[in-house]
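So the chains spell out like this:
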Amino acid sequence: MSQIRVRIAPSPTGIPHIGNTRTAFYNFLFARHHGGKFYVRIEDTDRARLIPESLPKIMEILDWLKIEYDNKPVYVQSEHLENYKKAADELIQKNKAYYCFCSEERLKKLKEEQTARHEPPRYDRHCLSLTPQEINQKIKNGERYVIRLKIPENREISWVDLIRGKITVNSKELDDQVLLKSDGFPTYHLAVIFDDNLMKITHVLRGAEWISSTPKHILLYEAFGYEKPLWGHLPLILGPDRAKLSKRHGAQSALEYRDAGYLPEAILNTMLFWGWSPKNDQQFFSTPEMIEKFDIDGINKNDPVVDLKKLDYFNGYYIRQKSSQELFDLMNPYMQDDEKKWGREKILMIIPLIKDRLRKLSEWKELTRGFFVAPDVKQTATLLQAIDGVCNRKPESMQILQKILDYLKNPAVWDNNDVWQTGLRKIADEFKIKHGDLFMILRIAVWGEKITPPLYETMKVIGNSESLDRIQKLL
């Protein structure tokens, strides 16, 4: 174990949600922090749940987030079935496993009876007493079978978890796990031990839900005579209701977050804090900084309760770090065709005006609509009337707008923001209203809402003529 070697082993039974991606990211950081190796292994032996199109999506997530792995092409278990058959036969020869010919009907009935007695469902070792002659005859007759792990009776199985300390489980709590299925495919438990040994994995960092499997894995390592790795079980990620993070909490896949307008930097920075804490108050980390700072001693034992809205906070920060040119390229997928006709130069003028308000790239349409489309005058008039109390009497809003329109018809006032604003403030003073109220009336007239990007710059992008036309139509 002179060099640390870790892996992730996703199953292509669906696109992994962001919690699974965090596990991959922690393994990547741990390996890179120690100058070790990080491998990807595709565990596709559950053929009943296999979704072939999910495999390229798994790889797409890693590539988009730049979670770089060291084995290319990746290791795919279904390409190595003969290895698992030999491994299962080896355990049979060592009397560490046995053939089971029980039908699905018998196993189902057994489970129902145990459940009715309020017993934990487990195999009753019905086939353990079969003689070699009986086994050979059943195989010769073509009876379907599985190979089960022979769990030793009443044995204490212990390990020191890298995150949770010493854990001890009695073997009487374990079931004789199926290792090789009747279709010739291994179960997770056999394949993971064989392949971890083959790949010389030194540390297994995985979710806490796998703690119950570790005693079985220890027994398998001992049965094969393999050197055991070190295990560390990461805290579960909990939603606000303290249930395991799921889609109902918004735990989508990283690709869904990407399509919603999140940057990879924000995804990584958010995942970093889902179970790990820095030794200071630093919030924002580049990937090299994460690699430098991350280690197992910073991983918390307690399950973190996460609020995915924090992702908006991180995303807004990283958006603000981008140049207008970078954002133009990133936001291109969210632009309408008629918006693109404005051309790069015009859009590059818009980006700085909305950048500070962006939480995700997909908000482009919402935040820029007023640049491309004039507001509906009926809706604008209704909004203006609703806030007309700021002007004391309803007729004054129209008088103020007329005064603004007359003032802005002079091209000279558009040359300088200070001059432009000074003249408008004088109009507010003339009507004895607050300066902010006057500018709100103008925002509503030009944009259709109370809040706009910086008003002078916004109207300059919209254009003098179009801005005046919007005011005139409202009047």
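Residues numbered from 1 in each chain as written. Predicted model: local features only at pLDDT ≥ 70, side-chain atom pairs only at ≥ 80, totals over all residues. Heavy atoms only, no water.

**Points about helix H20 (residues 455-462)**
With 6 of its 8 residues buried, H20 lies for the most part within the structure. Every buried residue of H20 is accounted for by Leu455, Tyr456, Thr458, Met459, Val461 and Ile462. A positive phi of about 110° marks Gly463, the residue just after H20. (Buried < 20%, exposed > 50% of the residue type's maximum accessible area, 1.4 Å probe, protein only. Helix = DSSP H or I, 4+ residues; strand = E, 2+ residues; numbered from the N terminus.)

**Side note on the packing of helix H3 (residues 81-93) against helix H6 (residues 188-198)**
A pair of packed helices is characterised by two quantities: the angle between their axes and the separation of those axes. For the pair H3 and H6, interaxial distance at closest approach is 10 Å and the crossing angle is 100°. Taken together, the axes of H3 and H6 are roughly perpendicular relative to one another. Listed contacts from H6 to Asn83, Tyr84, Ala87, Ala88 and Leu91 of H3 are Leu190, Ala191, Phe194 and Asp195. Each residue belonging to the contact of H3 with H6 can be placed in one class, and the counts come to 7 nonpolar, 1 polar and 1 charged. (Axes fitted to C-alpha atoms, helices over the stretch in contact; angles between N-to-C directions. Parallel < 35°, antiparallel > 145°, perpendicular 65-115°, else oblique. Contact = heavy atoms within 4.5 Å. Nonpolar A, V, L, I, M, F, W, Y, C, P; charged D, E, K, R; others polar.)

**Digging into the side chain of Ser54**
Among the structural elements, Ser54 can be located in helix H2 (residues 54-65). For Ser54, the residues in contact, after removing those within four places along its chain, are Pro12, Thr13, Gly14 and Ile15.

**As for the pattern of salt bridges**
With the rule as written, the count across this model stands at 27 salt bridges. Here Glu60 ties to Arg258 by a salt bridge, and the two come within 2.7 Å at their closest N and O atoms. You can see Glu60 sitting in helix H2 and its partner Arg258 sitting in helix H8 (residues 254-259), a full 198 residues away along the chain. Glu60 sits in the partly exposed class, given a relative accessible area of 28%. Classification of Arg258 as partly exposed rests on a relative accessible area of 22%. Across the pair Lys322 and Glu265 runs a salt bridge, and its minimum N-O distance is 2.7 Å. Of this pair, Lys322 sits in the loop between helix H11 (309-320) and helix H12 (324-331) while Glu265 sits in helix H9 (residues 264-272), and the two are 57 residues apart along the sequence. Each of Arg7, Arg41, Glu43, Asp195 and Asp196 takes part in a single network of salt bridges with overlapping partners. (Salt bridge = Lys/Arg side-chain N within 4 Å of Asp/Glu carboxyl O.)

**Remarks on the sheet that holds strand E5 (residues 146-149)**
Pairing is antiparallel in the open sheet, where 3 strands are placed in the order E4-E5-E8. Edge strands, defined here as strands with exactly one partner in the open sheet, are strand E4 (97-100) and strand E8 (178-180). Neighbour to neighbour, the strand axes of the sheet diverge by 45° on average, direction disregarded. Pairing analysis gives 4 bridges linking E4 to E5, with the strands arranged antiparallel. Directly across from Cys100, in E5, lies its bridge partner Val146. (Pairing = 2+ DSSP bridges.)

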